[in-house]
Structures are given as C-alpha cells and as structure tokens.
Number of protein chains: 2
Amino acid sequence: MNATEGWMALAQRLADAAGTVIRRYFRQPIAVDDKADQSPVTIADREAEQAMRELIVQAYPDHGIFGEEHGVTQGRSGLVWVLDPIDGTRAFITGKPSFGTLIGLWEGERPILGIIDQAILNERWLGVAGRPTTLNGKPVRCRPCDAVSKAALYATAPEMFAGDTAPAFERLRQAVKLPRFGADCYAYALLASGFVDLVAEASLKPYDYAALVPVIEGAGGVTSDWQGRPLTLKSNGTVLAAGDARAHAQALALLRGR
Amino acid sequence: MNATEGWMALAQRLADAAGTVIRRYFRQPIAVDDKADQSPVTIADREAEQAMRELIVQAYPDHGIFGEEHGVTQGRSGLVWVLDPIDGTRAFITGKPSFGTLIGLWEGERPILGIIDQAILNERWLGVAGRPTTLNGKPVRCRPCDAVSKAALYATAPEMFAGDTAPAFERLRQAVKLPRFGADCYAYALLASGFVDLVAEASLKPYDYAALVPVIEGAGGVTSDWQGRPLTLKSNGTVLAAGDARAHAQALALLRGR
C-alpha cells in the first residue's frame, strides 16, 4: 500500500465515523447553538469532527488538521486534513438530507484527495488527484455544457452573497437556464455526477471547499475562485465550479462583469 | 372497507405506480422539454401521471382527475383526484431528491386525503381528514413554534415571488431565524414531521398544494392562503403553512404588511 492508498483508506474511515454520529442525531431533538457568526452548530457537528480528529491523530500523528468546529492542529508533515463534519447544518437541523461531510487532504497548495459523504442517502463521492472520481466506488463524470445559457446553476442561499458578490452572482443567475438555491455541498457532488453544470458560491471557508476540488477535477470539471485563480486554502472564499471548461469561462466573465 | 379506506388504498397504489416510473428515470439521461410557462417537463412526469390516471379510471370511473401534465377529466361524483406526478421537476432533473409525488383527493372544497411521496428516499407522508398524519405508517406531528423570530422557513425559490408577493415574502424572510430556499414539496413534509416551522409560497397551482392540506392539518399544522383564507382548489396560488397557529398568525400579519 503506497502513501496515497493509506490516506484514502483513512479518509474512508473518517467518513464512516462521521456518518455513524450523523445518523444517530439526524431528525432527533437536539439542541442547536448559535456560533459567533450566527451560524448554527449541534452536538452532531462537534462529535462527528472529534471522531475524525481522533482517527487522524492515531494514524498520522504528524499530519495537520483544520476543522470547522475544533480549529487547527499544526502538523509537521506538510499534509493537512481539512474537515467539515456537517456542511449544511441548516439543512441538517431541518431534516433535509442535502448536507454532507467534507474531508479534504492537502499538501500545501496541492489537493490530494477529497470526500463528499451523504450519510443518510449512503452516497460517497471520492476524488483523488490523478484518478477518476467515484460515487460509491463507481466512476462518475461531469457532463458537457458549452454555454451558460443552457446551464443548471446551484448555490446554497442568497444570503452568502454580500457586497460586490451579490450583483456578480445576479448577472450569472440571470444568464443561466435553471438557477436554483438550496443544495449545500450536495450541489458539487451532483456536478461531479453530471446533473448540474455550475455552482457559484461566496463567503466560503477552506473547509467548505477543500474536499470539493479533487472530487470535481477527477470528474473532468473545473474549479477556481471568481477571478479564475486556482483554489488554495488561502483563497478569498469565492468558488466557481463547472463541469465544462467552456461554461466555466463564460460564467467567470459574467461574474467579473466582462 | 368503508369509502375512505378504499380511497386510501387507491392513493397508496397511485404513489407506488408513480414511484416505479420515477425510480426508472431518476438520474438517467432523459430529454427535458420546456412547457408553455418555461417550466421543465420530462417523460417521467408524463408517464407517472398517466400511470396514476389509469388506476383511478379503473377503480373509480366516476371520479374526476386534475393532473399537472394531462389536464382535467370531469367526473360525476363530486370527488376529484389532484395529481402532481413530480412536484419539483427542476430538482428531479438535477438529480436532487427533494421533489415528490403529490396526490390529493378533494370533495368540492373539502380535502379528504393527501400523499407526499419521495420515491428515492422511500418516504411517504399520508394525511387523511380526521386522522393523524403518518410517515411510512408512523404518526408524525408538527412542532411548537410560538414566534416567527424562532422559525425555520422554507420556500422553493425566489423566482416564485412576483409583484406584491415579493416584498411580502421579504418581510417574512427577514423576520425568521432560519430562512432557506430549495426544498419543493419536501418542505411541507418536513413541516408535518416537526423539523420546519413555516413554508410560504406563491404562484402555486392547485396540484401543487391540494395534497399538502390534509398532510399538514393531520399533523396539527395550519394552512391558508396569504389572506388567511382556507385553501380551496380555486385559491389564488399563495400558500402559508405553519406547524403552530401562533407562528401562522404572526407570519400572516407580516405577509399582509400589518
């Protein structure tokens, strides 16, 4: 087993562990707390991340960890696991299974692998640099889309667009065939599977997109920020994902107002 | 078996038949046509409705039928089946299982029964006048919510609000704790199960809400149009559903601008 395969095996175990926690709490009466940014968090978010962190420390004590709920643990290896135990907590607490567990492994600015796991629907997308992305072990592929005017576009919610990103997003939304809100990370998974053409979001944190990059690129798609730059863990929080480079280029021009 | 039980048995068979069609086409490469109102329709919508209509005609040839895709068949009994084979076709064609099959039976202005069926998740909510609403046979109940400021609110998409309904909806959206788009009829099902407090929508057709009324009322919730009037098959297309009459009254006041 080479290094990548060891990391892949661990990533699967992380998703299993988070899923066990999530299934225990889904649609149960649990307390919902407000974080400093007024976003909700539950015991399910915290326990799922804790379970993943413990497995990482056991397996690779020199790896770094950057999790939404429990912060940063510096590593010495240059490798960092980027974790969002429940991306879409608002969906989770309203009983809607469009949330997901996001697990990314990066080495500096290079994404190595990513998982989008939907524990209620038992769907797991796995992307690994240089390999085809899979859904539950079967390869998936983005679909062609040669024009924004033919595209299905998703974003989680209008509230994520503020300042300059609001009119920019609106230009794109007006140009597509099918604009839709409300899919959280699941929208990116649907893009990797060829059912959605574009996802454009803003105000994201690294743990919201670190896992998505290898999943989408391994399915033939393209990711960048809204200036067209590759996503890194230090990006500005805007994300544009496309299943086809032509739709990506056109969407980028609309977002940039050109 | 009394009359209601016969209708309930048929309603279950209709949902089964629609689900068989939907599962066959979900996430398959099928053509998407644009209807006159620019909304999408697929062979899955048409075949699912046709399958239901045939079962109704066989069982109750004197019942009326009002379906989204194949229109109105007048009956002589005063009873009418109101069918939306896929409520949320945009979700369906993008692979997101928040769409549902809606089956309502009304006698004049009186709702008799309703089903919200999610064929991919195998979830079926059944509401029958005078009986507790069930999810897969187990009773469900709306949750208390004594103030709009504590409420989780869903609506399908901002595009459904035009003219006066846009600022009215915005007043409500600004007042709730958790506003969210993107759940189609599934939002009403989550309300009946006690995970969502309010759903406010506009531009709906009778087949979009006929099935919802008995499901929500049998779970202890309240439905009306945005003027507070009971929903009928001739309502104006605005719908406000609440799990708690207190939240309903406050939401109504916000929608009416009072």
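What counts and how
- Residues numbered from 1 in each chain as written.
- Chains lettered and ligands numbered in written order.
- Predicted model: local features only at pLDDT ≥ 70, side-chain atom pairs only at ≥ 80, totals over all residues.
- Heavy atoms only, no water.
- Contact = heavy atoms within 4.5 Å.
- Salt bridge = Lys/Arg side-chain N within 4 Å of Asp/Glu carboxyl O.
- Polar contact = N/O pair within 3.5 Å; in protein donor to acceptor, adjacent residues only side chain to side chain.
- Helix = DSSP H or I, 4+ residues; strand = E, 2+ residues; numbered from the N terminus.
- Least-squares fit on C-alpha atoms with pLDDT ≥ 70 in both.
- Buried < 20%, exposed > 50% of the residue type's maximum accessible area, 1.4 Å probe, protein only.
- Arc of directions from axis to C-beta.
- Pairing = 2+ DSSP bridges.
- Axes fitted to C-alpha atoms, helices over the stretch in contact; angles between N-to-C directions.

The subject of this paragraph is the interface of chain B and chain A. Tallying the contact residues gives 30 residues for chain B and 30 residues for chain A. Across the salt bridge formed by Glu159(B) and Arg173(A), the nearest N and O atoms sit 2.5 Å from each other. Along the contact surface separating chain B from chain A lie twelve residue pairs in polar contact (both at pLDDT 80 or more). Elements with a contribution of two residues or more to the side of chain B that touches chain A: helix 3 (89-93), strand 11 (152-155), strand 12 (178-181) and helix 5 (186-192) of chain B. For the side of chain B that touches chain A, the element with the most residues is strand 12 of chain B, which contributes four residues.

Turning our attention to the relation of the copies chain B and chain A. Of the two same-sequence chains, chain B is brought onto chain A (RMSD 0.0 Å, axial shift 0.0 Å) by a rotation of 180°. Here the two chains are linked by the operation of a two-fold rotation axis. Nearest to the rotation axis, the C-alpha of Gly182(B) is located 2.2 Å from it, this being the minimum over chain B. Comparing interface residues between copies, 100% of those in chain B also sit at the interface in chain A, which points to an isologous, same-surface contact.

Moving on: helix 4 (residues 165-175) of chain A. All names here are of chain A. Among all positions of helix 4, only Thr 165, Ala 168, Phe 169, Leu 172 and Arg 173 are buried. End-on view of helix 4: buried residues confined to an arc of 135°, all on one side of the axis. Against the buried residues of helix 4 lie strand 11 (152-155), strand 12 (178-181), strand 13 (198-201) and helix 8 (245-256).

Residue and element names in this part refer to chain A. Of all the eight residues making up strand 6 (residues 100-107), seven are buried; the element is thus mostly covered by neighbouring parts of the structure. Relative to strand 6, strand 5 (residues 79-87) runs antiparallel, the two sharing seven bridges. What sits directly across from Leu 79, in strand 6, is Glu 107. Between strand 6 and strand 7 (residues 110-118), which pair antiparallel in sequence order, lie two residues; one of them, Gly 108, sits at a positive phi of approximately 60°.

The strands that make up a sheet are held in pairs by hydrogen bonds between backbone atoms, and each pair lies either parallel or antiparallel. Residues and elements named next belong to chain B. With respect to topology, five strands assemble into an open sheet ordered 12-11-13-15-14, the strand pairing being mixed. The open sheet terminates on both sides in strands that have one partner only, identified here as strand 12 and strand 14 (222-224). Strand after strand, the sheet turns through a mean of 15° between neighbouring axes, direction not considered. Both strand 14 and strand 15 (residues 239-242) contribute to a ladder of three bridges, which runs antiparallel. Paired with Ser 224 across the strands is Leu 240, a residue of strand 15. Sitting on the sheet, helix 4 (residues 165-175) touches strand 11, strand 12 and strand 13 (198-201), and the angle it makes with strand 11 is about 150°.

A separate point is the environment of Gly64(B). Mapped onto the elements of the fold, Gly64(B) is located in strand 3 (residues 64-67). What Gly64(B) contacts, discounting residues up to four positions off in sequence, is Thr73(B), Gln74(B), Gly75(B), Leu79(B), Val80(B) and Trp81(B).

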